[in-house]
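Remarks on the overall topology
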Amino acid sequence: STIHLKDYLPPAFLIDQVELDVDLHLENTRVVSRLHLRRNPQRPEPGLPLELHGQELTLHSIQVNGAPFSDYQLTESGITLHHLPDQAVLETQVEISPAQNTALEGLYISGGHFCTQCEAEGFRRITYYLDRPDVLARFRTRISADAARYPVLLSNGNLIEQGQLEGGRHFVCWEDPFPKPAYLFALVGGQLHAVKDQFTTLSGRKVALELWVEEENLHKGQHALTSLKKAMQWDETVYGREYDLDIYMIVAVNDFNMGAMENKGLNIFNSACVLADPKSATDRAFHRVESVVAHEYFHNWSGNRVTCRDWFQLSLKEGFTVFRDQQFSADQHSAAVERIQNVALLRTAQFAEDAGPTAHPVRPESYIEINNFYTLTIYEKGAEIVRMLAELLGWPTFRRGSDLYFERFDGQAVTIEDFVACMAEVSGQDLSQFMRWYHQAGTPQLRVERHYDPAARTFTLTLHQQTPPTPGQSDKQPLLIPVKLGLLDAQGQDLPLILKGEALGDETVIHLREASQSWVFEQLDAAPLPSLLRGFSAPVKLDYPRTDAELALQLTQDSDGFNRWEAGQKLALNAIDALIQQQQQGQDLQLHPSLVSAFAALLQDHQDPMMLAELLQLPSEAYIAEQYACVDIDAIHIARDYARKMLATRFYDAFLALYQRFDLQAPWSAEPEQLAARQLKNTCLAYLVATESEAAFTLAQQQFEQADNMTDQLAALTALAHAEDPAQGQAALRAFEQRWQQDALVMDSWFSVQVTRPYADALDRLHQLKTHPAFSMKNPNKVRALLGAFCQQNPSRFHRRDGAGYAALADAVIELNQLNPQIAARLVLPLTRHQRMDDHRKAQMKAELQRIQDQPLSPDVYEVVSKALAS
Ligand code: ARG
Ligand code: ZN
């Protein structure tokens with residue numbers, strides 16, 4: 001059944017206070033809940049029943065104001081209670097079975113510990129409740145459990161009481177003073193150990209910080225706590241937001257559907273996003289931990305203090321919080337490199353989503369299963385929209401809007417309109433056209449025309465915008481698109497910008513509002529080269545033809561780091577496109593000289609090694625595929641591989657020299673210089689090994705053996721294991737497995753490396769590895785590491801012509817549909833991207849989708865697969 005935004009109604013009752021009593025047992029946990037209810041003044045209709053959500057609950061008893069109550073019906077989605085007084089204390093007793101819970105929503109077991117995941121609608125699997133974000137209540141939670149097996153019992157807020165019980169059991173009481181929706185509830189019970197720290201807020205309050213992990217992971221906890229303190233301080237300095245409880249806890253669990261969860265005062269994290277030490281975690285993993293810890297922390301304001309009225313508003317908290325975590329990361333590291341990496345993700349994964357059958361607006365109109373809407377569109381495109389707002393208003397005004405939003409709506413559940421209205425109010429800007437960004441799905445396309453008039457010394461820039469239709473949305477209106485730009489002279493220097501007699505400096509933001517619009521820049525002695533969409537100022541596709549010479553100028557000279565990279569990507573795309581066409585016309589392959597000269601120029605300048613490592617990266621096969629209306633998957637793979645090998649051979653000596661220059665021979669540290677050096681060195685190693693030369697393999701082998709950190713070790717392992725000759729990687733893979741078999745997170749990488757081999761044997765490996773003792777279909781990280789990596793990071797093997805890649809995915813989806821519908825519905829997505837494939841593959845993909853559709857399906861998988869089959 002489909003839920004529609006237009007049907008939103010406030011609830012018939014409100015809940016002021018919740019008293020929960022959770023008696024933990026693996027198979028039969030008893031939950032007693034006392035809800036202090038009152039009728040909602042916003043729903044004056046007399047005698048409305050109370051409809052509580054409940055799922056997989058065994059009901060034992062119901063009492064109202066202390067007396068047994070029988071005027072209720074059990075429904076498909078919960079329970080309906082009739083003729084309640086206007087105020088009531090409703091007590092229910094239910095039983096649930098955490099041990100049987102493989103969906104990892106509600107209360108479940110991970111690694112022998114009890115834990116919860118309630119967002120979006122998991123609380124209804126714990127007790128009967130108004131499980132919707134616009135019902136905010138104060139929670140008091142009493143947990144009891146076996147004292148020996150579950151010595152640590154945690155919930156939101158402050159610990160107020162604890163004690164021993166008979167039969168070797170004990171109890172703990174927690175009280176959260178902040179009213180919150182049920183999706184922010186959390187509970188943990190287990191044999192956990194804490195790394196502890198402390199933070200003093202701007203106003204001088206001391207906050208205890210606790211990171212709870214399994215004993216063997218204690219040494220992997222420091223980085224998360226350091227990151228947390230940085231995030232707490234950053235939010236004070238940049239957004240004026242302080243933490244509000246006396247304690248902030250994070251718990252690491254191994255079985256988790258997503259990255260992490262911002263439960264009030266008690267975050268629960270996928271261990272992959274919180275544990276890190278240099279021996280076992282790559283620099284990328286360190287970065288991920290820092291950014292996810294910050295993200296969840298920032299939710300304390302953007303999400304918890306001010307929350308969402310309903311789940312259609314999900315991007316209200318996620319888009320804003322992703323924007324905040326991106327700003328934070330940009331302040332900790334290279335802002336340009338951060339932007340490049342965020343945009344690379346957006347332009348591959350989010351643009352593909354926006355062009356496929358599951359495309360949806362950042363604020364959707366309807367859904368079947370809300371878990372399917374924790375998407376790149378809601379998160380990443382949502383963050384881009386907030387970024388554009390900040391750009392349109394300017395930071396000081398945006399910050400005033402943010403202050404107003406937090407102040408006005410503190411303790412409330414609000415909408416995206418409420419957020420944008422604050423921005424309109426403080427800026428005096430009319431943002432009604434801007435709101436279309438939230439309502440229209442699809443990626444806008446910008447077409448660029450330029451005209452120089454030497455007599456008038458004017459340069460006319462014309463921009464045309466158009467958004468292609470998406471499922472259910474055929475007509476699109478023009479958007480307000482901020483285009484940041486500069487004009488370059490023949491040396492690549494920024495020219496002064498003069499528009500209608502007004503001097504605007506070196507860089508400005510023009511606002512495209514119409515379908516087509518022109519700007520006339522004045523007093524220009526020669527045709528300038530526009531540097532458009534600097535910093536990727538709007539999430540659009542830019543159709544901007546430039547000559548190789550112009551791209552090369554931008555690549556080396558543009559003052560905007562993002563556009564330097566973008567010019568390089570464009571040069572590479574052009575060269576790869578030529579190789580694709582050569583294949584299609586049966587010609588011998590020849591790499592376009594402009595890409596070769598671009599690399600020659602890049603390799604001479606290593607002032608900024610972190611940036612250089614990015615600039616040397618060829619566009620991914622997924623991004624190359626994004627450029628085509630009909631995707632030739634094999635030709636893309638061959639073309640990219642050919643370009644990579646030709647560049648590697650041509651510049652072998654330069655890559656080797658750079659490798660040696662940046663092989664620092666110093667013990668590991670997280671200093672920026674070292675991070676950059678490792679990044680560049682390992683980029684060079686990948687090129688060196690692409691030549692398949694003995695010398696390069698020896699170098700990789702040495703690095704593999706001598707590395708004192710996971711970044712270098714894994715880079716070397718990948719280089720060896722991705723050699724054409726599978727024998728090259730065998731010994732290293734075995735050694736790595738021996739060394740790391742006890743470390744689940746490292747074994748994830750070991751699985752991924754093998755199934756991302758770009759050769760025919762990758763699928764056989766996948767089938768073998770499914771029976772490896774470290775693999776489990778019940779663990780989402782393992783599913784992502786093996787099946788997710790194969791389907792998403794090895795496109796040429798996933799799309800094998802014989803369809804065996806599709807069949808493997810469909811088999812896994814069918815199995816997971818029973819175990820964990822949420823993960824199944826995510827895993828299936830690559831199979832839904834059949835629109836631009838050739839007819840042969842399209843038919844095979846649809847046949848596998850149909851095979852899935854013929855099963856009894858969870859709503860999660862049903863929603864995704866039926867949309868894909870309808871398109
Ligand atoms: N709110 C979490 C975050 O972005 C994501 C949790 C989503 N979980 C889910 N099962 N849909 O930080
Ligand atoms: Zn979030």
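The shown structure was predicted, so the numbers you read here are calculated from the model rather than taken from an experiment.

1. What to know about the overall build of the protein
- On a plain count of helices and strands, the protein comes out with 27 helices and 33 strands.
- Computed over its C-alpha atoms, the radius of gyration of the protein comes to 28 Å, within 12% of the 29 Å expected for a compact globule of 871 residues.
- Across its three principal directions, the C-alpha atoms of the protein cover 90 × 65 × 60 Å.
- Residue burial in the protein is summarised as follows: out of 871 residues, 50% are buried.
- A fraction of 70% describes how many contacts in the protein between residues 6 or more apart in sequence connect residues 24 or more apart.

2. Some thoughts on the sheet that holds strand β7 (residues 72–74)
- Taken together, the three strands give an open sheet; going across it, the order is β4-β8-β7, and neighbouring strands pair in antiparallel fashion. Of all the strands in the sheet, the pair left with one neighbour each is β4 (50–53) and β7. On average, each strand axis in the sheet is tilted by 15 degrees relative to the strand beside it, whichever way the strands run.
- As paired elements, β7 and strand β8 (residues 78–81) share three bridges and run antiparallel to each other. When the sheet's bridge partners are listed, Tyr72 is paired in β8 with Leu81.

3. Examining the site of ligand 1
- In the vicinity of ligand 1, 14 residues are found, and the nearest of them are Glu119, Asn257, Met258, Asn371 and Tyr374.
- Mapped onto the shell around ligand 1, the elements with two or more residues apiece are β20 (260–261) and α2 (283–298).
- The residue makeup of the shell around ligand 1, split by class, is five nonpolar, five polar and four charged.

4. Concerning the UniProt feature "domain: Peptidase M1 alanyl aminopeptidase Ig-like fold" (unreviewed entry) in the protein
- With numbering matched to this structure, UniProt assigns "domain: Peptidase M1 alanyl aminopeptidase Ig-like fold" (unreviewed entry) to residues 442–544.
- Between the end C-alpha atoms of residues 442–544 the distance is 19 Å, and the span holds 0% helix and 47% strand.

5. Digging into the sheet that holds strand β32 (residues 529–532)
- Reading across from one edge, β30-β27-β32 is the order of the three strands in this open sheet, with antiparallel pairing throughout. Looking along the sheet, the strands with just one partner apiece sit at the ends: β30 (508–512) and β32. Each strand axis lies, on average, 40 degrees off the axis of its neighbour in the sheet, ignoring direction.
- Both strand β27 (residues 481–488) and β32 contribute to a ladder of four bridges, which runs antiparallel.

6. Topic: the packing of helix α19 (residues 727–740) against helix α20 (residues 744–755)
- Where α19 contacts α20, the two axes come as close as 10 Å, and the packing angle between them is 160 degrees. The pairing of α19 with α20 is recorded here as roughly antiparallel in orientation. Handedness of the α19/α20 crossing: left-handed. In this structure, α19 contributes Leu733, Phe736, Glu737 and Trp740 to the contact, and α20 contributes Val746, Met747, Trp750 and Gln754.
- When grouped by side-chain class, the residues that make up the contact of α19 with α20 number six nonpolar, one polar and one charged.

7. Quick look at the environment of Ala355
- Within the fold, Ala355 resides in the loop between α4 (335–354) and β23 (366–367).
- Note: C-alpha distance between Ala355 and Gln701 (346 residues apart in sequence) is 42 Å.

Parameters and conventions
Residues numbered from 1 in each chain as written. Chains lettered and ligands numbered in written order. Predicted model: local features only at pLDDT ≥ 70, side-chain atom pairs only at ≥ 80, totals over all residues. Helix = DSSP H or I, 4+ residues; strand = E, 2+ residues; numbered from the N terminus. Rg over C-alpha atoms; globule rule 2.2 N^0.38 Å. Buried ≥ 20, exposed ≤ 12 C-beta atoms within 10 Å, placed from the backbone. Contact = placed C-beta atoms within 7 Å. Pairing = 2+ DSSP bridges. Axes fitted to C-alpha atoms, helices over the stretch in contact; angles between N-to-C directions. Near = placed C-beta within 6 Å. Nonpolar A, V, L, I, M, F, W, Y, C, P; charged D, E, K, R; others polar. UniProt positions renumbered as here; feature names shortened; annotations may be inferred. Parallel < 35°, antiparallel > 145°, perpendicular 65-115°, else oblique. Left-handed = near helix turned anticlockwise from the far one by under 90°.

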